[in-house]
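# Notes for the structure review
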Amino acid sequence: MTHATTVSAYGELIEPATVRIQRLLPGPIERVWSYLTDSDLRAQWLARGDMPMQVGGKVELVWRNDELSGRHEDRPEGVAEEQRMQCAVTRLDPPHLLAISWGERGSEVTFELEPQGSEVMLTLTHRRLPDRSSLLGVSAGWHAHLDVLQARMREVAPPSFWKAWTGLRAEYDKRLP
C-alpha cells in the first residue's frame, strides 16, 4: 500500500483544540512552497496577501472565497464577500516549514512539507482553536481550501468551495467530539 492511500481526506483532532489535515500534492517541494508563500498563487486556493519571509513578518490575508472555483457560487447567508485577517510569520524553514499566527485569538497554523518521491506531503496543523464552533468552521474551511489547492496543483477544475464547505461543516460536526 502506498502512503497516498493511507492519508485521510478528513482532518483529525490530535489534541482538544488542534486539528491536523494532510494532502499529497504534486512536487517538487519548491512548487508547493510557492503556493503557500506567493500571494498570487495562494489567492488561487486560500487568500491573497504579501508574506515577508522572516519571522515576525506581518501579512494581511484577504479571502474572496466566491472566486476560488472559477464559477459563480452563492455564499452562505451572513458571510461577507471579502474577509481580512492580520497574521504574522512565527516560524520559518524554507521550503519545509511555515507557521503563522491566525488572527487575534492566539491560534497558529503550521504548514509542513515533506518530499514523498515525486510528490510532497503537506501537513497542516491548526492549534489553539478557542471553541467547538471555530473547530468545525476551521476544519471544514481547511478541508475545502486544501481540496481547491490539490485541484489547482493537479491542473483540474476545483470543486465548488461554498458547497463543499457547507457539507463538510456538517460532516465534521458528526466526526469530531
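My aim in this report is to walk through the structure given alongside it, one point at a time.

Analysis parameters
- Residues numbered from 1 in each chain as written.
- Predicted model: local features only at pLDDT ≥ 70, side-chain atom pairs only at ≥ 80, totals over all residues.
- Heavy atoms only, no water.
- Helix = DSSP H or I, 4+ residues; strand = E, 2+ residues; numbered from the N terminus.
- Buried < 20%, exposed > 50% of the residue type's maximum accessible area, 1.4 Å probe, protein only.
- Contact = heavy atoms within 4.5 Å.
- Areas by Shrake-Rupley, 256 points an atom, 1.4 Å probe, with all protein chains shown as cover.
- Pairing = 2+ DSSP bridges.
- Axes fitted to C-alpha atoms, helices over the stretch in contact; angles between N-to-C directions.
- Phe/Tyr/Trp six-rings, centres within 6.5 Å; stacked < 30°, edge-to-face > 60°.
- Parallel < 35°, antiparallel > 145°, perpendicular 65-115°, else oblique.
- Left-handed = near helix turned anticlockwise from the far one by under 90°.
- Nonpolar A, V, L, I, M, F, W, Y, C, P; charged D, E, K, R; others polar.
- 1 Å grid on protein atoms, 1.4 Å probe; cavity = no way out; pocket = protein on both sides within 12 Å on 5 of 7 lines; lining within 4 Å.
- Points joined across faces, edges and corners; volume = space filled by probe spheres on them.

This part is about the overall build of the chain. Each helix and strand counted, the chain has four helices and seven strands in total. Ordered by position from N to C terminus, the α and β elements of the chain give β-β-α-α-β-β-β-β-β-α-α. For the chain, the spread of C-alpha atoms along the three principal axes comes to 40 × 40 × 35 Å. Counting across all 177 residues of the chain, residues that qualify as buried make up 47%. Across the chain, the fraction of contacts at a sequence separation of at least 24, relative to all contacts at a separation of at least 6, is 56%. Summed over all atoms, the accessible surface of the chain reaches about 8900 Å², with 49% contributed by carbon and sulfur.

A separate point is the sheet that holds strand S1 (residues 12-15). Read across the sheet, seven strands follow the order S1-S2-S7-S6-S5-S4-S3 without closing on themselves; strand pairing throughout is antiparallel. Two strands close off the open sheet at either side, each with one partner strand: S1 and strand S3 (58-63). Ignoring which end each strand starts from, the neighbouring axes of this sheet average 30° apart. Two elements, S3 and strand S4 (residues 83-93), share six bridges in a ladder whose sense is antiparallel. Bridge pairing in S4 places Trp63 opposite Gln83. Taken strand by strand, helix H3 (residues 132-153) contacts S1, strand S2 (18-26), S3, strand S5 (97-102), strand S6 (107-116) and strand S7 (119-127), and its axis lies near 5° from that of S2.

The next point concerns the packing of aromatic side chains. Summed over the entire model, instances satisfying the criterion amount to six aromatic pairs. Residues Trp102 and Trp142 carry aromatic rings whose centres are separated by 5.2 Å and whose planes lie at 45° to one another, so their mutual orientation is tilted. Highlighted residues: Trp102 in strand S5 and Trp142 in helix H3, separated in sequence by 40 residues. Judged by its relative accessible area of 3%, Trp142 is buried. With a centroid separation of 5.8 Å and 85° between ring planes, the pair formed by Phe111 and Trp142 is classed as edge-to-face. Within this pair, whereas Phe111 is found in strand S6, its partner Trp142 is found in helix H3, the two being separated by 31 residues in sequence. Just as Phe111 is buried, Trp142 falls in that class too. Following the ring pairs from residue to residue traces out a cluster consisting of Trp63, Trp102, Phe111 and Trp142.

The geometry of helix H1 (residues 29-37) relative to H3 is characterised by a closest axis approach of 12 Å and an angle of 130° between their N-to-C directions. Considering the angle they form, H1 stands oblique to H3. Pair H1 / H3 crosses with right-handed handedness. Between H1, through Arg31, Val32 and Tyr35, and H3, the contact on the second element is made entirely by Leu149, Arg152 and Met153. Per-class residue counts for the contact of H1 with H3 are four nonpolar, no polar and two charged.

Right, let's talk about the layout of surface pockets for a bit. As a volume, the largest pocket reaches approximately 590 Å³. Secondary structure elements with two or more residues in the lining of the largest pocket: S4, H3 and helix H4 (161-175). Top contributing element to the lining of the largest pocket by residue count: H3, with six residues. Among the residues making up the lining of the largest pocket, the classes are represented as 12 nonpolar, nine polar and three charged.

Before going further, it helps to examine the pairing of S5. Along S5, six of the six residues are buried, which leaves the element largely enclosed by surrounding structure. Relative to S5, S4 is paired through four bridges, and the arrangement is antiparallel. When the bridges of S5 are listed, Leu92 appears paired with Leu98. In textbook terms, the turn of a hairpin is the stretch between consecutive antiparallel strands, and for S4 and S5 this stretch comprises three residues. Note: S5 against S6, six bridges, orientation antiparallel. Among the inter-strand pairings, Leu97 is bridged to a residue of S6, identified as Glu112.

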